[in-house]
Amino acid sequence: MTTTTETRWLDAEQQVAWRAYLLGTARLMAKLDDDLRQFGLGINDYEILVRLSEAPDRRLRMADLADRLHQSRSRLTHTVGRLETAELVRRTSCTSDKRGVWAELTEAGLQLLEQAAPYHVEGVRENLVDLATSEDFVAVGRVFDAVSEHIGQR
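Residues numbered from 1 in each chain as written. Predicted model: local features only at pLDDT ≥ 70, side-chain atom pairs only at ≥ 80, totals over all residues. Heavy atoms only, no water.

Peer 1: Where do I start with the packing of helix α2 (residues 43–54) against helix α3 (residues 62–69) in this structure?
Peer 2: Axes are the key here: two packed helices are described by the angle between their axes and the distance separating the axes. Following both chains from N to C, one finds α2 and α3 inclined at 120°, their axes separated by 11 Å at the closest point. Relative to α3, α2 is oriented oblique. Regarding α2 and α3, the two cross each other, and that crossing is right-handed. Along the contact surface, α2 presents E47, I48, R51 and L52, while α3 presents L65, R68 and L69. Residues of the contact of α2 with α3, tallied by class, amount to four nonpolar, no polar and three charged. (Axes fitted to C-alpha atoms, helices over the stretch in contact; angles between N-to-C directions. Helix = DSSP H or I, 4+ residues; strand = E, 2+ residues; numbered from the N terminus. Parallel < 35°, antiparallel > 145°, perpendicular 65-115°, else oblique. Left-handed = near helix turned anticlockwise from the far one by under 90°. Contact = heavy atoms within 4.5 Å. Nonpolar A, V, L, I, M, F, W, Y, C, P; charged D, E, K, R; others polar.)

Peer 1: Looking at this structure, I do not really get the layout of surface pockets. What am I missing?
Peer 2: Any empty space left between the atoms is revealed when a probe the size of a water molecule rolls over them. Considered as a void within the structure, the largest pocket measures approximately 1600 Å³ in volume. What lines the largest pocket is a set of 34 residues, among which Y21, T25, M29, V140 and F144 lie closest to the centre. The greatest single-element share of the lining of the largest pocket, amounting to nine residues, is contributed by helix α1 (residues 12–36). Classifying every residue of the lining of the largest pocket gives 18 nonpolar, 10 polar and six charged. (1 Å grid on protein atoms, 1.4 Å probe; cavity = no way out; pocket = protein on both sides within 12 Å on 5 of 7 lines; lining within 4 Å. Points joined across faces, edges and corners; volume = space filled by probe spheres on them.)

Peer 1: What is the right way to read the pattern of salt bridges from this model?
Peer 2: Under the definition given, this model contains nine salt bridges. The closest approach of N and O atoms between R90 and E104, which form a salt bridge, is 3.1 Å. With R90 in strand β2 (residues 89–93) and E104 in strand β3 (residues 101–105), this pair connects stretches of sequence that are 14 residues apart. Using a relative accessible area of 38% as the deciding quantity, one classes R90 as partly exposed. (Salt bridge = Lys/Arg side-chain N within 4 Å of Asp/Glu carboxyl O. Buried < 20%, exposed > 50% of the residue type's maximum accessible area, 1.4 Å probe, protein only.)

Peer 1: What should I look at first to understand the sheet that holds strand β1 (residues 59–61) in this one?
Peer 2: Sheet strands associate in pairs through backbone hydrogen bonding, adopting either a parallel or an antiparallel arrangement. If you walk across this open sheet you meet the three strands as β1-β3-β2, and the pairing is antiparallel. The two strands at the open ends of the sheet, each matched to only one other strand, are β1 and β2. Strand-to-strand twist across the sheet, computed as the mean angle between neighbouring axes with direction ignored, equals 25°. Relative to β3, β1 is paired through three bridges, and the arrangement is antiparallel. Looking at β3, one finds that R61 is bridged to W102. Lying on the sheet, α2 is in contact with β1, β2 and β3; it crosses β3 at an angle near 95°. (Pairing = 2+ DSSP bridges.)

Peer 1: Please explain helix α4 (residues 73–85) as it appears in this structure.
Peer 2: What sets the pattern is the α-helix's 3.6 residues per turn: residues three or four places apart point alike. Along its 13 residues, α4 runs 18 Å from first to last C-alpha, staying within 8% of the 18 Å computed at 1.5 Å per residue. Every buried residue of α4 is listed here: L76, T79, V80, G81 and L83. Those residues of α4 that are buried lie in contact with α2, α3 and β2. Following α4 by one or two positions, E87 has its phi on the positive side, about 65°. (Expected span 1.5 Å × (residues − 1).)

Peer 1: Just checking my understanding: could you explain the packing of aromatic side chains for this structure?
Peer 2: The relation between two aromatic rings is expressed through the spacing of the ring centres and the mutual angle of the planes. Under the defined criterion, the tally for this structure stands at three aromatic pairs. Arranged with centres 5.6 Å apart and planes meeting at 25°, the rings of Y21 and F144 form a pair that is stacked. One end of the pair, Y21, is in helix α1; the other, F144, is in helix α6 (residues 134–151), with 123 residues separating them in the sequence. Ring centres 5.3 Å apart and planes at 50° place the aromatic pair F39 and Y119 in the tilted group. Here the residue F39 occupies a position in the loop between α1 and α2, and Y119 occupies one in helix α5 (residues 107–127), the gap between them amounting to 80 residues. Put simply, the rings of W18, Y21 and F144 touch in pairs and so form one group of aromatic residues. Taking NZ or CZ as reference, R59 lies 3.9 Å from the ring centre of W102, over its face. (Phe/Tyr/Trp six-rings, centres within 6.5 Å; stacked < 30°, edge-to-face > 60°. Lys NZ or Arg CZ within 6 Å of the ring centre and 35° of its normal.)

Take a look at the structure:
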């Protein structure tokens, strides 16, 4: 059976918005990553520390952390290994499930996060939040909630 579908091309306005999103996102993430380098962190390292800081007992199972960050387990293992070498995170075995591994935020990791967070938040504000009206910013949140829900990666 042959199925014919017609491509729904983006119109000119949608194409401009799509390309602005791609370039703006790439530049924003590069800027935020660069800003965190003064603390010896990249944006992915920072997000790991944040997620752990927000978790009960400042720890998450590695598999859960990978899901929350939408990272492969192997990539997360590599990144957490670097953070562990820097004594910002430690891995421990899960006593209830011998196969599970916890990633835990150390005191040094929490202290570094507390130093970096104000600079990071200021960068987010300066390079994104303050450039939009509050209505536009709320709309961005709605759009990406819908994207996450649609793709199933919430």
